[in-house]
Amino acid sequence: MAAAVAAAPAPSRKTETYTDTKRRDDVRGANIAAARGVADAVRTSLGPRGMDKMISSGDQEVIITNDGATILSRMALIQPAARMLAELSRSQDAAAGDGTTTVVVLAGSLLRRAQSLLSAGAHPTAAADALHRLATRAVEILHGMAIPIELSDRDSLVKSASTALNSKVVSQYSTLLSPLAVDAALSVVDPAHPELLDLRDIRIVKKLGGTVDDTELVRGLIFDKKASHAAGGPTRVENAKIAVIQFQISPPKTDIEQSVIVSDYAQMDRILREERNYILGMVKKIKAAGCNVLLIQKSILRDAVTDLSLHYLAKAKILVVKDVERDEIEFITKTLNCLPIANIEHFRADKLGYADLVEEVSVGEGKVVKITGIRDMGRTATILVRGSNQLVIDEADRSLHDALCVIRCLVSKRFLIAGGGAPEIEMSMQLAAWAKELQGMESYCIKEFAEALEVIPYTLAENAGLNPISIVTELRNRHARGEKNAGINVRKGQITNILEENVVQPLLVSTSAITLACECVRMILKIDDIVTVR
């Protein structure tokens, strides 16, 4: 019996190849679920009929917007993969300025398809590689649909800016804001570098009161502060000679913290007399250079001006605007074509800027200082945004930024493309046809991801209250007949040639959205574990 037991064969080791991949699948599934949750949260705000979100923060601040980047930047996201989608939206905002909701919705749809591929047994690396090839091919398809434009074609620029504004809270003002954004952008484009548009050269000043209809483009400068009235100084100056100063017109202080003890009145009178003479000497030098408008930078060391210095400046008939922010100095000097003056000894006439008129004007409940008719004005523009409440003004500011970004896209890449879900359906159909020419797992993955692109027209139809299934089916049918520019017209609730409806967008917005979305999804697919460190 013992011999029989001893002779029993040893168990085979070939069957012991089971590897537990449950944790990897769980981590990947959790990441995909979190990212999809974020995409679903902003999905309802896509398109011209999208809903708005009210964001309430802990300090009672309220924002009403449907801008994807703004919504996601305000969300308190904890899960790392969810934060990746918020950063994806920020990347799209930096690259193109528009399409911030589109890119997140697209990423969410691609992740949903990726999850079904993984559950069907596809390897994450195979799915990620297929996604990389799909992105490259999709960009080629978009280039094939694009229409070249010139910057001299103002109508096309206005149409694309209007399309960007149509999905915003202030969409009813798009006929006013679109031409305004185009004129502002074209006025700052340098002919020496026609492919560059720096949005820092366009300053947006927000002022409460009136309506968005009162928004205007100012060929000059606006300061959201009053001129100094301390000693009855002037509030209107014609043929202005303007100086931007970075020094203080006030009594000097000691370099170290110390106190000066004055023992009798004679010494006190002497100190006050010296202070007066010191300030008067500075004012005389300023007046001698011919200056009659003074812009004074805010000082953190000591008071930039005192009541005494304002009194002498008023006597010299010099208009004073104080507390100019440090980061505005570069824009102001570029606009006025002058140099900032850091020391009274360097105060010379050749460092001044010249303008026809500087005046204080009433705007709403407050006042602003307006400088117009600037001689040799730099390539800058100022937009004064008005609104009945702070929420509307902030949203108008964000919407204008998006419209300016759209024009920046067209300046750097001068191609337009149809909107209304037309490029996404065209890409989906061409990529599905291309998938049939491929073989193996790659073909299966690309076919699945191609269908994911239909989420954009589906969501546009859904948000507009249309039947998404019949609309997308009809759209597919029209594209199969060769109507490349057929898209969803949400106003008429049917499918039309979207180019004839003037619904256009820059090529860069679409190419950037598909590239960034695919890149983000590939990154999420390749994560198989989360390691927390202290």
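Residues numbered from 1 in each chain as written. Predicted model: local features only at pLDDT ≥ 70, side-chain atom pairs only at ≥ 80, totals over all residues. Heavy atoms only, no water.

Caption draft 1: Spatial organisation of the pattern of salt bridges. In total, this model carries 27 salt bridges according to the counting rule given. Ionic pairing is found between Lys447 and Glu451, a salt bridge with its closest N-O pair at 3.4 Å. Separated by four residues within a single helix, Lys447 and Glu451 lie in helix α14 (residues 440–452), roughly one turn from each other. Given a relative accessible area of 41%, Lys447 falls into the partly exposed group. When the shortest N-O distance is used, the salt bridge between Glu483 and Arg478 registers 2.8 Å. One network of salt bridges, with partners in common, ties together Arg113, Lys447, Glu448 and Glu451. (Salt bridge = Lys/Arg side-chain N within 4 Å of Asp/Glu carboxyl O. Helix = DSSP H or I, 4+ residues; strand = E, 2+ residues; numbered from the N terminus. Buried < 20%, exposed > 50% of the residue type's maximum accessible area, 1.4 Å probe, protein only.)

Caption draft 2: Looking closely at the packing of aromatic side chains. Counting across every chain of the model gives zero aromatic pairs. One Lys or Arg, Arg375, reaches over the ring of Tyr354 and ends 4.6 Å from the middle of that ring. (Phe/Tyr/Trp six-rings, centres within 6.5 Å; stacked < 30°, edge-to-face > 60°. Lys NZ or Arg CZ within 6 Å of the ring centre and 35° of its normal.)

Caption draft 3: Representation of the pairing of strand β15 (residues 486–489) in the model. Here four bridges tie β15 to strand β16 (residues 494–497), and the two strands are oriented antiparallel to one another. Paired with Ile488 across the strands is Ile495, a residue of β16. In sequence, β15 turns back onto β16 through a hairpin of four residues, with Gly493 there showing a positive phi of about 70°. (Pairing = 2+ DSSP bridges.)

Caption draft 4: Inspection of unusual backbone geometry at higher detail. In this structure, Lys317 is a non-glycine residue whose phi angle is positive, near 60°. With respect to the helices, strands and loops of the structure, Lys317 is situated in the loop between α10 (307–315) and β9 (319–324). Judged by relative accessible area, Lys317 falls into the exposed class, the value being 57%. A positive phi angle, near 55°, is found at Asn337, a position not held by glycine. Along the chain, Asn337 turns up in the loop between α11 (329–336) and β10 (340–341). For Asn337, a relative accessible area of 48% translates into the label partly exposed.

Caption draft 5: Representation of the environment of Leu151. By the secondary structure assignment, Leu151 is in the loop between β3 (147–148) and α7 (154–165). Leu151 sits in the buried class, given a relative accessible area of 15%. Taking the C-alpha atoms as reference points, Leu151 and Arg414, separated by 263 residues in sequence, lie 7.9 Å from one another. Look past the residues within four positions of Leu151 in its chain and what remains in contact with it is Leu157, Leu186, Pro194, Leu410, Val411 and Arg414. (Contact = heavy atoms within 4.5 Å.)

Caption draft 6: Main features of the pairing of strand β14 (residues 415–418). As defined by bridge partners, β3 adjoins β14 across two bridges and the pair is classed as antiparallel. Directly across from Ile147, in β14, lies its bridge partner Leu416.

Caption draft 7: A look at a nonpolar patch on the surface. Taken together, the side chains of Val260, Val262, Tyr265, Met268, Ile271 and Leu272 make up a nonpolar region of the molecular surface, amounting to roughly 580 Å² of accessible area. The residue Leu272 is located in helix α9 (residues 265–288) in this model. On the basis of relative accessible area, Leu272 is assigned to the partly exposed category, the value being 41%. (Patch = residues over 30% accessible without salt bridge, like charges linked within 9 Å, V, L, I, M, F, W, Y side chains within 5 Å. Areas by Shrake-Rupley, 256 points an atom, 1.4 Å probe, with all protein chains shown as cover.)

Caption draft 8: Inspection of the nonpolar core at higher detail. Residues Leu85, Leu110, Met427, Leu431, Phe449, Ile514 and Ile524 are the most contacted members of the largest nonpolar core, which totals 73 residues. Of all hydrophobic cores here, the second largest spans 34 residues; its members include Leu157, Ile393, Leu400 and Leu404. (Core = buried A, V, L, I, M, F, W, Y, C linked by side-chain atoms within 4.5 Å.)

Caption draft 9: How the structure looks around the sheet that holds β3. The strand order across the open sheet formed by three strands is β3-β14-β17, and the pairing between neighbours is antiparallel. Of all the strands in the sheet, just β3 and β17 (504–506) have a single pairing partner and so form its edges. Judged from the three bridges that link them, β14 and β17 form a sheet pairing that is antiparallel. When the bridges of β17 are listed, Leu416 appears paired with Pro506.

Caption draft 10: Here's a closer look at the environment of Gln430. Summarising the element assignment, Gln430 is placed in helix α13 (residues 422–437). C-alpha separation for the pair Gln430 and His479, spaced 49 residues apart in sequence, amounts to 9.9 Å. Here Gln430 is in contact with Ile141 and Lys484, once residues within four sequence places are set aside.

Caption draft 11: Quick peek at helix α4 (residues 80–95). End to end, α4 covers 22 Å across 16 residues, agreeing with the expected 22 Å (1.5 Å per residue, within 8%). Check the buried side of α4 and you find it contacts α2 (22–43), α3 (68–74), α5 (100–119) and α17 (507–525). Put simply, Gln79 is the residue that caps the front of α4, since its side-chain oxygen is 2.7 Å from the backbone nitrogen of Ala81. Downstream of α4 by one or two residues, Gly97 has phi in the positive range, about 85°. (Expected span 1.5 Å × (residues − 1). Polar contact = N/O pair within 3.5 Å; in protein donor to acceptor, adjacent residues only side chain to side chain.)

Caption draft 12: Inspection of the packing of α2 against α4 at higher detail. Between α2 and α4, the least distance of the axes is 7 Å, while the angle of their chain directions is 40°. Considering their axes alone, α2 and α4 lie oblique with respect to each other. Considering only the axes of α2 and α4, their crossing is right-handed. Packed against α2, whose contacting residues are Asn31, Ala34, Ala35, Val38 and Ala39, the element α4 presents Ala81, Ala82 and Leu85 at the interface. Considering only residue class, the contact of α2 with α4 consists of seven nonpolar, one polar and no charged. (Axes fitted to C-alpha atoms, helices over the stretch in contact; angles between N-to-C directions. Parallel < 35°, antiparallel > 145°, perpendicular 65-115°, else oblique. Left-handed = near helix turned anticlockwise from the far one by under 90°. Nonpolar A, V, L, I, M, F, W, Y, C, P; charged D, E, K, R; others polar.)

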